[in-house]
Amino acid sequence: MRTASALPAAVVSFLFSSAPAYADLKLCNRMSYVVEVAIGIDDKAATATRGWFRIDPATCRVVAQGTLTADRILLNARALGVYGSSPVPQSGNDTLCIAPENFVIAAARQCRAGQTPAPFTQIHPTRTDDGHLVAYLAEGSEYDDEQARLAAIQRLLVIAGYDAAPIDGVDGPKTQGALAAFLKSRGLAPEVVQSPKFFATMIDAVQSPSSTGLTWCNDTPHKIMAAVGTDDGKTVTSRGWYRIDPGKCLHPDVSGQPRQIFSFAEAVDGENRALKFRDRPLNWGGATQLCTRESKFEINEQNDCGNRGLNVNGFAAVDMSGGGKTLRFALP
């Protein structure tokens, strides 16, 4: 039911050259998101896909080793669920098969059970001095490696409920203060920031219940898409969708000190269609009617939703009087 489309401003860009036979292929991530990528190898009549390769910000990963002869190399990228809707727009003209978990698909134009079609974009990597090929995943901000890493840290701090905005890849007292507070609250030593596994550690911490702010936790076997509403006394804003994978927790990015916070969530299948449990929608909400839409949204006007082409969902008011609240979504 919900699409995993577009946070604004993130684009995938590549450096280009042409070569019919390829050596080791390396992908480098200069985005402020941890991403997973799948590659497609198109060689005459045969097309195969393989994924997922996880690539942290400011790092590179070899996704194909040795000399590889192919007519075309294609790519599909997705952000981790912690970011909510995927910030990586897919605009490729090729539709190839993927699977939810790690996969190798030999005939990738005819999807079978457990596989779904996805758009792939052709890439044209550059040849480096060592004879191998590299392609870069980048945002409109055009970060270098250092900026991408810092912007990625800022983004996760904001998701965790800390004020590290703006997400710009520029260091300063505000970012360092937010990072120090986050590490202290999670019992992490400052030295962990320099660890090559820091983003894995940080994402695990972000996806754990917190004593501050709103936390959603998914105790079901299904993917859940959630939306948050805030009332600052002047404007009621609804925002979604945030993806919460089974067994994971997530902190929606709520800024400022709203007078009231609202929550709505629903379980969806692999095609993002709303699920039912015992013939009833499997969702968690309440009596406050707020506007939503099928794709990612942020809506500041809550009147006359239907006539504006919007959906309406019932949100539940969240008691934040204790400073923090964890909502656990479980099967009835």
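Residues numbered from 1 in each chain as written. Predicted model: local features only at pLDDT ≥ 70, side-chain atom pairs only at ≥ 80, totals over all residues. Heavy atoms only, no water.

Participant: Run through the pairing of strand 23 (residues 311-318), naming residues and quoting values.
Facilitator: In this sheet, strand 23 lies alongside strand 17 (residues 260-268) in antiparallel orientation, the contact comprising three bridges. Counterpart to S263 in the pairing with strand 23 is A316. (Pairing = 2+ DSSP bridges. Helix = DSSP H or I, 4+ residues; strand = E, 2+ residues; numbered from the N terminus.)

Participant: Lay out the state of the cysteines in plain terms, naming residues and giving numbers.
Facilitator: Applying the stated criterion across every chain, the model contains four disulfides. Assigning the bonded cysteines of the chain consecutive numbers by sequence position, one obtains the connectivity 1-2, 3-4, 5-6, 7-8. (Disulfide = S-S within 2.5 Å.)

Participant: Any details on the side chain of S32? Residues and values, ideally.
Facilitator: By the element assignment, S32 lies in the loop between strand 2 (25-30) and strand 3 (35-43). Looking at S32, the relative accessible area reads 0%, which means it is buried. Reaching out from S32, the side chain makes a polar contact with the side chain of R155 at a distance of 3.1 Å. (Buried < 20%, exposed > 50% of the residue type's maximum accessible area, 1.4 Å probe, protein only. Polar contact = N/O pair within 3.5 Å; in protein donor to acceptor, adjacent residues only side chain to side chain.)

Participant: Could you give me a rundown of the pairing of strand 15 (residues 236-244), with the residues and numbers involved?
Facilitator: Summarising burial for strand 15: eight of the nine residues are buried, a large majority. Of the strand pairs in this sheet, strand 14 (residues 223-231) and strand 15 are connected by eight bridges, and their pairing is antiparallel. Counted as the bridge partner of T230 is T237 from strand 15. As consecutive antiparallel partners, strand 14 and strand 15 are separated by four residues, and within that stretch G233 has a phi angle of approximately 95°, a positive value. Where strand 15 lies against strand 22 (residues 297-299), three bridges are found, and the strand directions are antiparallel. Note on strand 22: the bridge partner recorded for S238 is I299.

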